[in-house]
Each structure stands twice: as C-alpha cells, then as structure tokens.
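# Structural description and commentary
Letter by letter, the chains look like this.
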Amino acid sequence: MRSQELRQAFVDFFVSKGHLHVPSATLIPDAMSTTLFTIAGMEQFVPVFLGERAAPAPRVVTVQRCLRVAGAKSDIENVGRSGRHGTLLEMLGNFSFGDYYKREAIAYAWEFATSKEWLSLDARKIFVTVHTGDDEAERIWRDEIGVDPARISRWDEENFWTMGPTGPCGPSTELFYDSGAENATSADDDAPNKGGRFVEFWNIVFQQYNRGIDGQTSELPRKAIDTGAGLERMLAICNGKTSMYETDLFTDIIEAMDKTEQKPPRPGLTPLVDPRVRRNIIADHARAVTFLVNDGVFPSNTDRGYVLRFLIRRAVVNGRLLGHHTGFLADLVPAVVNSLAPGYPELKQHEGRIQVVLSKEESTFNRTLERGMTMLDELLEHASRGQSLSGADVFTLHDTYGFPMELTREIAAERGIAIDETGFRREMEGQRARARADAQRKRPVVTLAELPAVTTAFTGYEGLESQGEIVALLRDEKSVDSLRAGERGAIILDRTSFYAERGGQIGDRGAIVSDDATFDVQDTQYLGDAVAHDGVVVSGELTVGERVHTLVHDWWRREVRRHHTSAHLLQRALKDELGEDVAQAGSWVGIDRMRFDFHWTAGALTREQRRAVTQRVNEMIRDDSPLVTRELPLEEARKTGAIWMHGEKYGELVRVVQAGPSIEFCGGTHSHTTGELGMFLMLNEFSIGSGIRRIESCVSAAAESFVNKQQDLVGDLSSSLSTTPDELRERISKLQREVRDLQGAVGQLRARLAAADAQSYVQSAQRAGERVFVGAVVQEGDAEALRHLVQAIRVRLPNGVIALAGIDNGSVSLLVTASDDQVKLGVHAGNLVKLAAPLVGGKGGGQAAQAQGGGRDTGAAAAAVEAIREAVLS
C-alpha cells in the first residue's frame, strides 16, 4: 500500500460514517495556541472543544500535517535513529463534537483497522491500552469488540493525553501492533509501553477536561472524540515494515538523494554513525522544511524561523558528512513534493519558491560550514570521552559559524562528549544583555511596574478628539501625583484619541489640555495595555484623576494614515506583479516615509519590476476606492480572503480593512479613500537580510515635496549645462565621453612625461652587489602617475627594485616593484611597503613582485624611500 492510498482510504471510511472532510490547517497554529507549531490534529479545533466556536460539523475527519521539534511532544532526538519518529508527521484524525463518544469511536477504529474492506490487519496482533480509571473503555473493548482481555492493559500517564501545560485533555485508549518477538528490545518487552516490539498506531482521546494555567482541570462544555493515528507508522504496519523510513514517504526521497552528486564522505567527524541514519534524518528534514516554507516560514534567528534554520542546517551537515554537494537539499524538493502532492496539491504551486529559499539558506551556511566543522572536529579531537565542550566554544560555533547549539550537542554526543549548555546560555545572555544595554542607551524605556493594571480605550477611529481621565502620571520613570509647567513626563489616560505605536505605525502627536494646563504630546507608546503620552507640560499643572481633552494634530494623523494605506496597496501590488508568494516581513509608517519589508528570494527587483509595482499602486490610488473597515470574528474574517500575518496574535474580533482590491487584517488608522494618497513614489529597494527586501516609499505631501525637489534639481542641472530637461541625459552622456577622452589624453601626457623623467631616475640607480635600487619622491604624483612612471623606468631598467613615494593632495602613495632576479635574491616588495608605510602614518603590503600603500604624513615621504633603500642595499 502506498501513502496516498492509505490517506484516501482513511478519509473515505469516515466520510462513509457521516464525517465532513476538513482540509489540513497549516503548520502555523491558531493565534491563541500555546504551541509554536501545529503538533496535533485536534489543534485547529481547540476553540471548538472549549465551546468558543461552532464546530464545522458534528463529525469531522482530517489529515493534519504536524511538526514536533520542541517541548513534550518533540521527537527530534529519535529522528532517523528509530523507525517510528519524525519531525514532520501526518496525523489521521476523526472527531466528534458532542455527537458520538467512546462506543462508536472504538468501533470505528477496530473496523477500519481489521475489516477486509479496509486495512485488514491481523486482529490477533492488535493490543489495546486504556487509562487506569476507565472501566467503560475496557468493557467496550472486551465485551463489545471481543478483544482478548490478555491483550488489554491499563496505564496511567501513558493513557492521559494533553497537548501542553494548558488546554483540552482527557483519558485515552491506544491501539498497538505486535511487530514480532524478533523486534523485542528486552526480555520484558512482552506488552505495549515496555519496549520497541509493540508499535502504537492509533490513539483515541476522550476529550472531557480543560486544564487551566493553575494546573487544575474543569469539565469541557461537551465531551468530544479526538483521534490521532500516525500515517507513517500505520503505513509501515500495512506494508509489513518495522520502520516508516522503508515506506514510499521516505524511500522516494532517499532514492533521489542517492542520485545527487556525491564526493567521498568527509573524514573525521562521527565515523561510527550509520550512513542510513543520516539519510533518514535528511529525508525527514527535507519533508519538514518543504512544508515550513510552503506555510510561510522563512529562515531567521528567532521563533519558527530559527527552527527552520536549524532543520536546514542539520540536514546540510549530515549531507556534507555523506559527501553531498552544496545545494543538494534544494535538489530534493521535487521528490518531496511528488511524494506529498497527492494529499497536498498546493505544494506544486510553491515548489520553485521552496527550492530558492532552501538554496539561499544552504549557500549562506556554506560560507562558514567548512571552517565551523573543522573547528568542531578539532575541539572533539582534543576532548576526552566524558568531558564537555566549553560554553564559550559552543557559543563561538553558534555566533561565528552558524552552528545551532542543538546541532553541536548532537554531533558531540555521537562521540560521547557533552557540551556545557549552562555556559552557552550564559554567553547568549551576555550577548542579549549587551544588546539590551545598547538599546537602552538609544532610547529610554518607561515601565508601569509601580502602577496598577491599566487598559486605555482607543477612540481615534471615530475622530481626532476625545475626553479622558488621567489614570497615572510618570516623571523620570516614576509614578507621581502631578506634572507642572516645564516638566517632561508621560500621561496615562483611561480613554484617548491618540494612536500608540503598534504594527509599524508610529504614535500620534498633538496636545492634551485641561481647564488650566496644556501638555505637548511628542510621542505615544503602549505600556502593556495602557497608552503613555510622552511629552512636556507647556503651561499649568496636571494631576491624577483630572478630566482632560485629547487633540491629535490633524496634519500628523492625515499623513501617517495615508502612508499606512500605501503599505496595504504596495503589498497588493507586489503580489499582483511578483506573485502571491510575496509575504510581508515588517513595516514602518511615518509622516513622510514608509518602509515595507517582504520575503523575496529572487534578488533585487529589476527596473521593469519596480516600475510595474509603482504603476499598479498608482492605478489603485487613481481608482479612488473608499476604504471599508469591518470588525469580524476571526474565522469569518479569514474567509474574506484578507491578508494576515502568520503567527501574529489576533483577538476574537479583528478589523478587516479593504482598499480597492487590497484586503488585510489591520488595527491601524487609514485614509478615507485611496485617492487621498495622491501619488506613490518608490524611493529605494534593497536587501536587509537573507531573502528579505525593503522598499522605501512616500505618498501625499511627501511625494509632492520629493517631486518638487527633483524638478528643481533637473532644472538647475539643465541651466548649468545650457540644455533643456528633455536633452539633459544626452548632454550628460556627451560630457562623460569628453571626460573619458580628456582622461585618455592626460594619461598619454603623463606617460610621455614619465618617459622623459625615467632616464634621469635610471641614471641615479644605486647598486650593492647584484642588488639594484631606484627611488624617488614624486611631487603631485598620485597613484596613476606613479604607475606610469614605474612602467617607464622598468622599460629602461629591467632588473632592480623601484620605490616611489608620490605626494598629492596632502597624502602619500607608496609603490614598490621588484624584478624576478631581485625576488630570487630575497627582496619582497610587500615587506618593504610594510616597513615604510608606518613612517608616513599609514599601512600597506602586497606580493613579492609588487606592493603599494600610503599615509597622510607628506613630510616623511623621503624618509620612507630611504628606509626602503637601506633595506634593499644593506
């Protein structure tokens, strides 16, 4: 049986039992999830279990992709080594939300596993476990299904399922398959949970509790069924294999791996590791990283991006140890896609992008990989078994050579050597502390540590003015009762029309006034859920509890909201012109500029692409579409097709902003129509990191100002060059040609002058045995003049050392050349320049035959030449 047949059979079986087939969610879980990645089939239904959202149907069937690389559900240590563990897995699941419960769930599992119409597994080899307190489940298995009591056992923690420290949980019953006594790992391995002989392939969780942050459990609104059946393990069982790595999910990838170009395996590191383990790890990680990139994750040094980078680099290191060439991981993507596409057709659409992302990350790592592996090899060679690599060395491998700590730990463990993780984390914390200190110096930070919990209501969507009460006042980061004229501080209100910096949009500016005081608001920031208005008291005195009036500067808000809307239009234009793969990586919105960062692995935009994107934004501006803002429940909002940031935390209600064809989740302020923006200008486009580009742009008054300045510049240039703006390009081209001609003529003149001077220099040559030296200080001699003069002298003096010091515009240029015969006598031009350069306050060096340098001390030029002469002739 192949993977797609099993995948489809599971869905077909449960659809025949009245279940709705719900597509797999991405590996990026719901915003309210406590996990970094989707780790279980039930995760997308957590709000349903908790009674916070309606179920899509009373009965549901899914095939959910999951990633387990950290926490209690992590399988990373066993990946490739056991035949049952992987980072990426497909979880077959059937769910009941208040419909059927234990009896039907158990019966469905048994029917699908044993009936001839479906899997036809040998019922005598299936063993069952139940929770120690679940008499009902045991009775159903024994009396209704007919399982021999000898094949039923009770367990405590092993049969109580949780997805993490909090969330839905409950007792479970599991199905194990006996792989045979020959696979027992010990003499006691005669039942489930005792070793490797019995393979768990089906887990039915009776979801009936919710565990809170205090660790206490409470009853769910309704009991539910949550089945998790691992496709990979089940496929191995169906095919009589003891390892999932022997099924088509992996063998197709491993076969493709064997076809890639290979060199002899790298000597040194971990010779005892079975190459099959390395191939298994690569195949597993190739599947995982393909799906991660498909689902919108990009390599980085934080959160999900860090996990992706770790998996890529772990696969690359294992590949390099097997002798695979640079780029082999990206070459495996087509095999991964072909293996998974029957169940996930969207992979075909993104195959090219996935390959580009993996290729760039591998190329980046490759720059330091060999040096890092050499360092690690040397460290392990000098460490004795049982010793530890120091935290400082592990940190150097991480910080300088890009080796994640987990990867160093794994490679060291293969040699029986530990690492000092505590020391490593101390080094990391030291680095973070230095970064925090640097940030602290750059910007003062105010905290609400001494204040009661405060939540400020934002009224700015309705207008620029509002009434509020002063909840707290801060001066010098301390809570105070009042602020007087001339004092700087921050005001915390219960309600405000000021937008606090968030989502890349800068905070509002304006004024807060009372009956007898005025406060100039110069910045607005969030402090927890409170809004802090930072500024200075212009007049009067403000006190806690006082009622005040907030007034945002209309010109400030107007320009900021227009630039914010331009960010939405730009993202839509980038997707229209470059493809839907473009994904926002960040943004910053000000009054006269907008920065938009986006994932794009194809390099710098061409002139044509920049022009097309700009034209598309301006088309949307000219359409003068009204902006429509709606507040919708999260699931309903997603169905609008709006763009939203994967991994961003959203509440139960989200604002959806539509500007023409652009639809996005957004809590910021926006223009009333797209036409308000006037004109969009792309000012710059450049790289800010691996696979991330940045566009700087402006609209509205800033765009008008920029155009005016450009027009003034063009006008001034045209006037000074005695031409018209339309003919300016040709005029400049003509001037450039004239400059090149003049430079050529100057060069020819210099050559003739050098030739005229060369003979006099040759005549003053000094000799000491076989060594010959010509040296001089050349006034108004830049590097180009020295080059011409050296060539002219060399024509007349084929054998010897030439040392020239040119003085030009307050600096000294040094140029030394040595003929082959002089080099054979031990002369080294580079060493001569290193000797002389410090005398003129500079540095330099080069090869034995030619070297150059320079400095700023023109008065020491003669001394530099004399030092070279003495070194040559002594």
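See the structure shown above.
Described in the following lines is the structure provided in the data block. These figures come from a predicted structure and were not determined experimentally.

Rules used throughout
Residues numbered from 1 in each chain as written. Predicted model: local features only at pLDDT ≥ 70, side-chain atom pairs only at ≥ 80, totals over all residues. Heavy atoms only, no water. Helix = DSSP H or I, 4+ residues; strand = E, 2+ residues; numbered from the N terminus. Contact = heavy atoms within 4.5 Å. Lys, Arg positive; Asp, Glu negative; His and termini not counted. Charge placed at Lys NZ, Arg CZ, Asp CG, Glu CD. Buried < 20%, exposed > 50% of the residue type's maximum accessible area, 1.4 Å probe, protein only. Pairing = 2+ DSSP bridges. Axes fitted to C-alpha atoms, helices over the stretch in contact; angles between N-to-C directions. Parallel < 35°, antiparallel > 145°, perpendicular 65-115°, else oblique. Left-handed = near helix turned anticlockwise from the far one by under 90°. Arc of directions from axis to C-beta. Polar contact = N/O pair within 3.5 Å; in protein donor to acceptor, adjacent residues only side chain to side chain.

### Concerning the overall build of the protein chain
- Of the regular secondary structure elements, the protein chain holds 23 helices and 35 strands.
- With the C-alpha coordinates of the protein chain rotated into their principal frame, the extents come out at 115 × 80 × 55 Å.
- Here the analysis covers contacts within the protein chain between residues at least 6 apart in sequence; of these, 68% occur between residues at least 24 apart.
- Here the protein chain carries 100 positive and 122 negative side-chain charges, and the mean point of each set is 5 Å from the other.

### Comments concerning the pairing of strand β16 (residues 488–493)
- Here β16 lies mainly inside the structure; five of its six residues are buried.
- Looking at chain direction, strand β13 (residues 465–475) and β16 are connected through four bridges and run antiparallel. Among the inter-strand pairings, Ile470 is bridged to a residue of β16, identified as Leu493.
- As defined by bridge partners, β16 adjoins strand β20 (residues 530–539) across five bridges and the pair is classed as antiparallel. Note that in β20 the partner of Ile492 across the bridge is Ala532.

### Some words on the packing of helix α11 (residues 346–382) against helix α12 (residues 391–399)
- Their axes nearest at 10 Å, the elements α11 and α12 cross at an angle of 165 degrees. Here α11 is positioned roughly antiparallel relative to α12, judged by the angle of their axes. Every pair of crossing elements has a handedness; the one defined by α11 and α12 is left-handed. Along its contact with α11, which presents Gly372, Met375, Leu376 and Leu379, the element α12 presents Asp393, Thr396 and Leu397.

### Here's the deal with the sheet that holds strand β28 (residues 681–689)
- Here we have four strands laid out as an open sheet, ordered β23-β24-β29-β28, and antiparallel in their pairing. Of all the strands in the sheet, the pair left with one neighbour each is β23 (583–589) and β28. The mean inter-strand angle of the sheet, taken between neighbouring strand axes irrespective of direction, is 20 degrees.
- The sheet contact formed by β23 and strand β24 (residues 594–599) spans six bridges and is antiparallel. Directly across from Gly586, in β24, lies its bridge partner Asp597.
- Contacts from helix α18 (residues 700–720) reach β28 and β29 (692–698) within the one sheet, and its direction differs from that of β28 by about 100 degrees.

### Notes on α12
- Taken together, the buried positions of α12 are occupied by Gly391, Val394, Phe395, Leu397 and His398. Viewed along the axis of α12, the buried residues span an arc of 160 degrees, placing them on a single side of the element.

### Here we look at the environment of Thr129
- Tracing the backbone through its elements, the reader meets Thr129 in strand β4 (residues 126–131).
- With a relative accessible area of 0%, Thr129 lands in the buried category.
- Put simply, Thr129 and Trp155 are 26 residues apart on the chain and 6.8 Å apart in space, counted from C-alpha to C-alpha.
- For Thr129, the side chain forms a polar contact with the side chain of Asn159, separated by 3.1 Å.

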